[in-house]
Amino acid sequence: MRPWARTASAAGPHPILSPSGGSTIDTLILLALFVAILVSVVVLIGRMLVRRREQRERWEADGRPEPVPRTAEQREQDRKTAITWGCLLIAVPVALVLLYTVTR
């Protein structure tokens, strides 16, 4: 081996290719993950509060009747909606964590 080739290989990786060079993108991905989780929680709480307020207003307008039992179709629709939102709540942070892992 030539002396110049040996010294270049012994010097280690080029500073530009060092593993710690992507700290900016790592920070941005972590911030995006945090924002996604925070937005999901805020949206879910907001939707829940709006739904409760609408239900309370309907009850007051109707003289507070007994709640109407849910039909099988309504329960099935509720189940599908819950599964969809649950998958989204899980999929978005998981996708961001995978993106973070791949870009590291």
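Residues numbered from 1 in each chain as written. Predicted model: local features only at pLDDT ≥ 70, side-chain atom pairs only at ≥ 80, totals over all residues. Heavy atoms only, no water.

## With respect to the overall build of the protein chain
Consideration 1: A count of helices and strands for the protein chain gives 3 helices and 0 strands.
Consideration 2: When the helices and strands of the protein chain are read in sequence order from the N terminus, they spell out α-α-α.
Consideration 3: For the protein chain, the proportion of its 104 residues judged to be buried stands at 8%.
Consideration 4: Per element, the accessible surface of the protein chain, about 9000 Å² overall, is 66% carbon and sulfur. (Helix = DSSP H or I, 4+ residues; strand = E, 2+ residues; numbered from the N terminus. Buried < 20%, exposed > 50% of the residue type's maximum accessible area, 1.4 Å probe, protein only. Areas by Shrake-Rupley, 256 points an atom, 1.4 Å probe, with all protein chains shown as cover.)

## What about helix H3 (residues 72-103)?
Consideration 1: Compared with the 46 Å implied by 1.5 Å per residue over 32 residues, the 46 Å span of H3 between its first and last C-alpha is a close match.
Consideration 2: Looking at the buried residues of H3, the elements they touch are helix H2 (23-61). (Expected span 1.5 Å × (residues − 1). Contact = heavy atoms within 4.5 Å.)

## Some words on the environment of Thr27
Consideration 1: Assignment of secondary structure puts Thr27 in helix H2.
Consideration 2: Taking C-alpha positions, Thr27 is 9.2 Å from Tyr100, a pair spaced 73 residues apart along the chain.

## Points about the confidence of the model for the protein chain
Consideration 1: Looking at the protein chain as a whole, its pLDDT mean stands at 78, while 78% of the residues score no less than 70.
Consideration 2: Mean pLDDT values for the elements of the protein chain range from 52 in helix H1 (residues 3-10) up to 87 in H3.
Consideration 3: Throughout residues 14-18 the model reports pLDDT below 50, and contacts reaching past four residues in sequence, or to other chains, amount to 0 contacts. (pLDDT = per-residue confidence, 0-100.)

## A word on the packing of H2 against H3
Consideration 1: It is at 9 Å that the axes of H2 and H3 come closest, and there the two elements cross at 175°. Relative to H3, the element H2 lies roughly antiparallel. In this structure, H2 contributes Asp26, Ile29, Leu30, Ala32, Leu33, Ala36, Ile37, Ser40, Leu44 and Arg47 to the contact, and H3 contributes Trp85, Leu89, Val92, Pro93, Leu96, Val97, Leu99, Tyr100 and Thr103.
Consideration 2: Grouping the constituent residues of the contact of H2 with H3 by class yields 15 nonpolar, 2 polar and 2 charged. (Axes fitted to C-alpha atoms, helices over the stretch in contact; angles between N-to-C directions. Parallel < 35°, antiparallel > 145°, perpendicular 65-115°, else oblique. Nonpolar A, V, L, I, M, F, W, Y, C, P; charged D, E, K, R; others polar.)

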